[in-house]
Amino acid sequence: MSELRELYQSTILDHNKKPRNFRSPQQANRRAVGHNPLCGDEITVYLQLQDDIVADVCFQGSGCAISTASASMMTQAVKGRPLEEALQLFDSFQRMVTGESGADAADAQPKQMGKLAAFAGVREYPMRVKCATLAWHTLRAAAIGGEAATTE
Ligand code: ZN
């Protein structure tokens with residue numbers, strides 16, 4: 001479990017314990033369900049898009065600490081941003097956790113990534129990459145798929 005302890009930085013632990021924007025949507029015009037069969041993570045992301053701005057975003061579901069914390073931090077990172085910026089952030093995030101753009105991808109863009117840099121260590125644990133990116137993939141599916149939300 002030592003590898004997981006390294007991953008579970010205080011930011012990640014905090015967001016897993018108290019996920020932000022973990023609620024049913026007040027208003028949502030986009031929705032998508034994301035599933036990570038490798039780990040059993042399953043989340044639904046709800047989006048309220050207004051003039052291509054992420055006016056609101058929230059999620060529900062259950063998963064491991066990494067996927068829950070990542071979903072929580074994703075909602076905080078993209079709320080209020082233009083959708084295009086949110087999707088660019090996803091690209092940066094994905095490059096960071098897969099290490100695609102080199103070992104210091106995270107160090108190269110510390111300001112842009114902000115707290116999301118807490119997930120940089122995930123690149124050492126390929127099994128965890130899908131946990132960390134699940135919420136982002138689901139966000140993109142909701143935004144691009146344009147599936148109408150059914151609010152309870
Ligand atoms: Zn997981």
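This one's a predicted model, so the numbers in the text were calculated from it and none came from an experiment. (Residues numbered from 1 in each chain as written. Predicted model: local features only at pLDDT ≥ 70, side-chain atom pairs only at ≥ 80, totals over all residues. Heavy atoms only, no water.)

Participant: Talk me through the nonpolar core; I want residue IDs and the actual numbers.
Facilitator: In this structure, Phe93, Phe119 and Trp136 are the most contacted members of the largest nonpolar core, which totals 40 residues. Among the secondary structure elements, those contributing two or more residues to this core are β2 (41-50), β3 (53-62), α3 (65-78), α4 (83-98) and α7 (126-145). Per element, the largest residue contribution to this core is nine residues, and it comes from α7. If sequence neighbours within four positions are ignored, phenylalanine 119 has contacts with Ile12, Ile66, Ala69, Ser70, Met73, Phe93, Met96, Val97 and Ala132. (Core = buried A, V, L, I, M, F, W, Y, C linked by side-chain atoms within 4.5 Å. Buried < 20%, exposed > 50% of the residue type's maximum accessible area, 1.4 Å probe, protein only. Helix = DSSP H or I, 4+ residues; strand = E, 2+ residues; numbered from the N terminus. Contact = heavy atoms within 4.5 Å.)

Participant: Report on α4, specifying residues and quantitative values.
Facilitator: With 16 residues, α4 should cover 22 Å at 1.5 Å per step; its first-to-last C-alpha distance of 23 Å lies within 8% of that length. Regarding α4, the residues found buried are Leu83, Ala86, Leu87, Leu89, Phe90, Ser92, Phe93, Met96 and Val97. One or two positions beyond α4, positive phi appears at glycine 99, with a value near 70°. (Expected span 1.5 Å × (residues − 1).)

Participant: Please give an account of the packing of α4 against α7 that cites residues and values.
Facilitator: One can describe the packing of α4 onto α7 by two numbers: an axis separation of 10 Å at closest approach and a directional angle of 160°. Relative to α7, the element α4 lies roughly antiparallel. The crossing of α4 and α7 is left-handed. Counting all contacts with α4, which are made through Leu83, Ala86, Leu87, Leu89, Phe90, Asp91, Phe93, Gln94, Val97 and Thr98, the residues of α7 involved are Val129, Ala132, Thr133, Trp136, His137, Arg140 and Ala143. Tallied by class, residues from the contact of α4 with α7 come to eleven nonpolar, four polar and two charged. (Axes fitted to C-alpha atoms, helices over the stretch in contact; angles between N-to-C directions. Parallel < 35°, antiparallel > 145°, perpendicular 65-115°, else oblique. Left-handed = near helix turned anticlockwise from the far one by under 90°. Nonpolar A, V, L, I, M, F, W, Y, C, P; charged D, E, K, R; others polar.)

The quantities given are spatial measurements derived from coordinates; they are silent on function.
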